[in-house]
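Here are the chains, one letter per residue:
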Amino acid sequence: MPKFPSINEQMDLIRRGAEEIISEDELIKRLERAEKDEKPLIVKLGCDPSRPDLHIGHAVVLRKLRHFQDLGHQSVLVVGDFTALIGDPSGRNKTRPHLTKDEVDEYAETYIEQAGHILNLETLKIFRNGDWLGAMNFHNVIKLASHYTVARMLERDDFKKRYKSEVPISIHEFLYPLAQAMDSVELNADIELGGTDQKFNLLVGRDLQRDYGQLPQVVITTPLLEGTDGVQKMSKTYENYIGITDTPSEIYGRTMSISDDLIYRYFEFATDVDASALKDVEAELAGSDTNPRDLKRQLAREIVTLYHSSKAAVEAEEAFDRIFIQSDVPHEIEEWNAGSQQVVILSMMCDSNLISSKREARRLIEQGAVTVNGEKITRITEEISLESPVVLKVGKRRFLRVIP
RNA sequence: GGGGAGAUGGCAGAGCGGUCAAAUGCACCAGACUGUAAAUCUGGCGGCGGAAGCCUUCGGUGGUUCGAAUCCAUCUCUCCCCA
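Residues numbered from 1 in each chain as written. Chains lettered and ligands numbered in written order. Predicted model: local features only at pLDDT ≥ 70, side-chain atom pairs only at ≥ 80, totals over all residues. Heavy atoms only, no water.

1. A look at the protein's contact with RNA strand B
As a reminder, the rule being used: For this description, a residue counts as near a given molecule or strand if any of its non-hydrogen atoms is within 4 Å of it. Two N or O atoms form a polar contact when they lie within 3.5 Å of each other; inside protein one atom must be a possible hydrogen donor and the other a possible acceptor, and for residues adjacent in sequence the pair counts only when both atoms belong to side chains. Under the DSSP-based scheme used, a helix requires at least four consecutive residues in state H or I and a strand at least two consecutive residues in state E, with every element numbered from the N terminus. Only Asp, Glu, Lys and Arg are considered charged in this grouping, and only Ala, Val, Leu, Ile, Met, Phe, Trp, Tyr, Cys and Pro are considered nonpolar; every other residue, Gly among them, is considered polar.
Near RNA strand B lie 26 residues; those nearest to it are G253, D260, F320, R359 and R363. Each atom of RNA strand B within 4 Å of the protein was assigned to sugar, phosphate or base; sugar and phosphate come to 72%. Within the contact set of RNA strand B, a base oxygen lies 3.4 Å away from a backbone nitrogen or oxygen of G253. Sorting elements by how many residues they give to the surface near RNA strand B places helix α18 (residues 358-366) first, with five residues. Classifying every residue of the surface near RNA strand B gives nine nonpolar, seven polar and ten charged.

2. Describing the environment of R363
With respect to the helices and strands, R363 occurs in helix α18. A C-alpha to C-alpha distance of 9.1 Å links R363 and I380, two positions 17 residues apart in sequence.

3. Focus: the pairing of strand β3 (residues 74-79)
Stated precisely, the cut-off is as follows: Exposure is judged per residue with a 1.4 Å probe applied to protein chains only, and the accessible area is read against the type maximum: over 50% gives exposed, under 20% gives buried, and values in between give partly exposed. DSSP-based pairing: two strands are paired if at least 2 bridges between them are found.
Most of β3 sits out of view: six of its six residues are buried. Where strand β2 (residues 42-47) meets β3, six bridges bridge the pair, whose relative direction is parallel. When the sheet's bridge partners are listed, I42 is paired in β3 with Q74. The sheet contact formed by β3 and strand β4 (residues 125-128) spans four bridges and is parallel. Across the sheet, residue V79 finds its bridge partner in β4, namely R128.

4. Topic: the sheet that holds strand β10 (residues 375-376)
The strand order across the open sheet formed by five strands is β7-β13-β12-β9-β10, and the pairing between neighbours is mixed. Two strands lie at the open edges of the sheet, namely β7 (335-337) and β10, each paired on one side alone.

5. Structural notes on unusual backbone geometry
Cis geometry marks the peptide bond from I22 to S23; its omega dihedral reads -10°. Relative to the helices and strands, S23 resides in the loop between β1 (20-22) and α2 (24-37). A positive phi angle is found at N373, which is not glycine, with a value near 50°. By the element assignment, N373 lies in the loop between β9 (370-372) and β10.

6. Topic: the packing of aromatic side chains
Each aromatic ring pair is characterised by the separation of its centres together with the angle its planes make. Note the threshold: Two rings from Phe, Tyr or Trp (for Trp, the six-membered ring) form a pair when their centres are within 6.5 Å of each other. A pair whose planes differ by under 30 degrees is stacked, one over 60 is edge-to-face, and the rest are tilted. Whether a charge sits over a ring depends on NZ of Lys or CZ of Arg being within 6 Å of the ring centre and within 35 degrees of the ring normal.
With the rule as written, the count across this model stands at five aromatic pairs. Between the aromatic rings of Y148 and F200, the centroid separation amounts to 6.4 Å while the plane-to-plane angle is 80°, which identifies the pairing as edge-to-face. On the criterion of sequence distance, the pair formed by Y148 in the loop between α7 (138-145) and α8 (150-155) and F200 in helix α11 (residues 199-211) is long-range, its members being 52 residues apart. For the pair Y148 and F200, one class covers both residues: buried. Within the aromatic cluster, the residues linked to one another by ring pairs are Y252, F320 and F324. In this structure, R254 is placed above the aromatic ring of Y241, and the distance from its NZ or CZ to the ring centre is 5.2 Å.

Written out as structure tokens, the structure reads:
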């Protein structure tokens, strides 16, 4: 028999890190019903297995799904193996490329594996929407499509923009929200989660469920976390992300490079610190006694701890201090065997694959970005003699130990 | 079905016979300043070469020309207007 925390307790957790709940009243009613019937709510999150590398931006909504698990509800992950073949147009200014079935399968596996860092896979139900969407025939599809109008589709901001700026929109992209909505009907979802960019799709789910005689799902959106640059949303294409499978040092370092204005948001959406700790952060940021850097250090430790361990966090911090505060060389550096006692700097940089082309290596030297054992290299023809291993440093954070 | 416009580097977007490896902005890399923050400033941003220079690139293919991102033909794709 499932037992749930009090409604208030549940609402507190659900609200934390949620952008919008449509609607709270409906949600409370559902929670009450769940308690009365002793039946967990079905909480759905659809995932698009076309970008298998998850970052802490994706983690915001995944952690929300986790919250429902913790509260005793039934979290459901719908792998959009079928919809991935369509490509979600949300937030896009162009049609997504179609994926092949093999790619989707491979990505889905990776996705679930990585999501396992956040979700409890024991109680998670995983479905593939190809199971039902793939079984629909053309007649069913036309019937489904008749539930929505072109005008309503064009209300959607990204479609509207593309339409206005004369960027192509394929017909099949209109089918995407309907397909996703069909998932909700199929599962009779009580709640669907998604990023704010998913709001339209989630609302279509409500409409469709109503048409199918179901109670419309409650929609909960989570914010799109800004990337480390503080401007654009976190995304692999902008190279401003912190990957959840990144090493502790990477996570720590990237967190340290975020803008100050993001500190609070990252605490709020990328960590599990409780409400009172959040208040403290807010107060400290507002006051003048605290150097924001120190809060950022705390934040970086929190995030590393979340995906690795507190031990890893401490180690990452030590390594970070060593490199960036003491300007020292990290303890662990990749090694490369030069196979000779005398090496020209340029070949050292390229043959070891530290730098991808000689052109680039040359530029870096010319710009004074290259040192060997702390000595700046000034000539691109410089020969380095390797009586013993030397440390090659390029830029601020690329290190290589070169062994004769 | 008819008419018109267009496809340029990661993106946006100039160029419209040689001076174009291709303006400008964003992104990115490096340097200065710092808290690997932001902002700012400086340099860079196809490859090979010490350099001169050479090679590959402007949707695909073929052509005109001493010379083509630029002209012509054709193919593929896109947008707009009319039906």
